[in-house]
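The residues making up each chain are set out below.
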Amino acid sequence: MKNSLISQSLTAISTIRPFFFGGQLLVIERACRSQEGEFFMQKIVDIQNLIASMPVIGEQDGKGDDAMVYLHYFYGGSDWYITEKYADGGATWAFGYAALDGMKDMAELGYISISDLTNNGVEFDLYFAPCKLGEIKQKLAASA
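Everything numeric in this text was worked out from a predicted model, so none of it was measured. (Residues numbered from 1 in each chain as written. Predicted model: local features only at pLDDT ≥ 70, side-chain atom pairs only at ≥ 80, totals over all residues. Heavy atoms only, no water.)

Engineer: Tell me about the environment of Ala87, residues and numbers included.
Structural biologist: Mapped onto the elements, Ala87 comes out in the loop between β3 (78-85) and β4 (93-99). Sequence separation between Ala87 and Val56 is 31 residues, and the spatial gap between their C-alpha atoms is 5.1 Å. (Helix = DSSP H or I, 4+ residues; strand = E, 2+ residues; numbered from the N terminus.)

So this is what it looks like as structure tokens:
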């Protein structure tokens with residue numbers, strides 16, 4: 001089982017690499033060799049599967065608050081919630097909901113450059129559970 005998980009996580013890491021900034025990915029790779037290694041290896045495989053299952057840009061058009069949010073990025077007081085990925089599966093562009101600089105009442109839907117996020121040290125939320133956009137909006141409104 002463990003050898004299979006190691007093999008799966010090594011394959012997965014190359015797929016998820018564009019969705020992480022280098023420093024965070026380095027920490028995760030080191031964690032895979034720690035006592036909690038199996039947990040982090042499984043997390044990598046789970047993230048790869050989640051990204052692979054995400055809809056491409058345009059597939060959730062018209063769903064409004066029922067659109068599913070799959071990924072969450074954060075930095076300081078800013079949050080980016082990704083609902084759709086670029087058609088080629090890469091991390092160039094995505095579509096989602098952004099709440100910048102703690103101004104939750106000014107949050108909006110739009111195109112998001114994953115590469116810009118990762119190139120600027122924005123963190124991928126390893127513990128985010130996919131949910132509906134309406135749930136995110138309610139949570140942000142409650143914390144405003």
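Engineer: Report on the nonpolar core, specifying residues and quantitative values.
Structural biologist: Counting residues in each nonpolar core, the largest one holds 32 residues, and the members touching the most others are Phe19, Phe20, Leu71, Tyr73, Ile82, Ile114 and Phe124. Looking at this core, the elements that each hand over two or more residues are α1 (2-16), α2 (22-31), α3 (37-53), β2 (71-75), β3, β4 and α4 (114-119). Broken down by element, the residue count for this core peaks at 7 residues, all from α3. Other than its neighbours up to four places away in sequence, Tyr73 contacts Phe19, Ser78, Asp79, Trp80, Ile82, Ile114, Leu117, Thr118, Val122, Glu123 and Phe124. Within the second largest apolar cluster, 10 residues are counted, among which are Tyr81, Ala99, Ala107 and Phe128. (Core = buried A, V, L, I, M, F, W, Y, C linked by side-chain atoms within 4.5 Å. Buried < 20%, exposed > 50% of the residue type's maximum accessible area, 1.4 Å probe, protein only. Contact = heavy atoms within 4.5 Å.)

Engineer: Lay out the sheet that holds strand β5 (residues 108-113) with the relevant residues and their values.
Structural biologist: Overall, antiparallel pairing links the 5 strands, which are arranged β5-β4-β3-β2-β6 in an open sheet. Every interior strand has two partners, whereas the edge strands, β5 and β6 (123-124), have only one. Bridge analysis of β3 against β4 gives 6 bridges, and the strand direction is antiparallel. Directly across from Glu84, in β4, lies its bridge partner Phe95. Against the sheet, helix α5 (residues 133-143) makes contact with β3, β4 and β5, and its axis sits at roughly 30° relative to β4, the strand it touches most. (Pairing = 2+ DSSP bridges. Axes fitted to C-alpha atoms, helices over the stretch in contact; angles between N-to-C directions.)

Engineer: Tell me about the packing of α1 against α3, and name the residues and values.
Structural biologist: Contact geometry for α1 and α3: axes closest at 8 Å, N-to-C directions at 50°. Comparing their axes, α3 and α1 come out oblique. The interaxial crossing formed by α1 with α3 has left-handed handedness. Residues Lys2, Leu5, Ile6, Gln8, Ser9, Ala12, Ile13, Thr15 and Ile16 of α1 form the contact with α3, whose participating residues are Glu38, Met41, Gln42, Ile44, Val45, Ile47, Gln48 and Ile51. When grouped by side-chain class, the residues that make up the contact of α1 with α3 number 10 nonpolar, 5 polar and 2 charged. (Parallel < 35°, antiparallel > 145°, perpendicular 65-115°, else oblique. Left-handed = near helix turned anticlockwise from the far one by under 90°. Nonpolar A, V, L, I, M, F, W, Y, C, P; charged D, E, K, R; others polar.)

Engineer: Go over the packing of aromatic side chains with me, naming the residues and quoting the values.
Structural biologist: This model, assessed by the stated rule, comprises 6 aromatic pairs. Measuring from centroid to centroid gives 6.4 Å for Phe39 and Tyr127, while their planes differ by 15°, and the two rings are stacked. Separated by 88 residues along the polypeptide, Phe39 in helix α3 and Tyr127 in the loop between β6 and β7 (131-132) bring together distant segments of the chain. What makes Phe39 partly exposed here is its relative accessible area of 41%. Both rings, one in Phe95 and one in Tyr111, keep their centres 5.1 Å apart while their planes meet at 75°; by these two values the pair is edge-to-face. In this pair, Phe95 sits in strand β4 while Tyr111 sits in strand β5, placing the two residues 16 residues apart along the sequence. Taken together, the ring pairs connect Phe20, Tyr73 and Phe124 into an aromatic cluster. (Phe/Tyr/Trp six-rings, centres within 6.5 Å; stacked < 30°, edge-to-face > 60°.)

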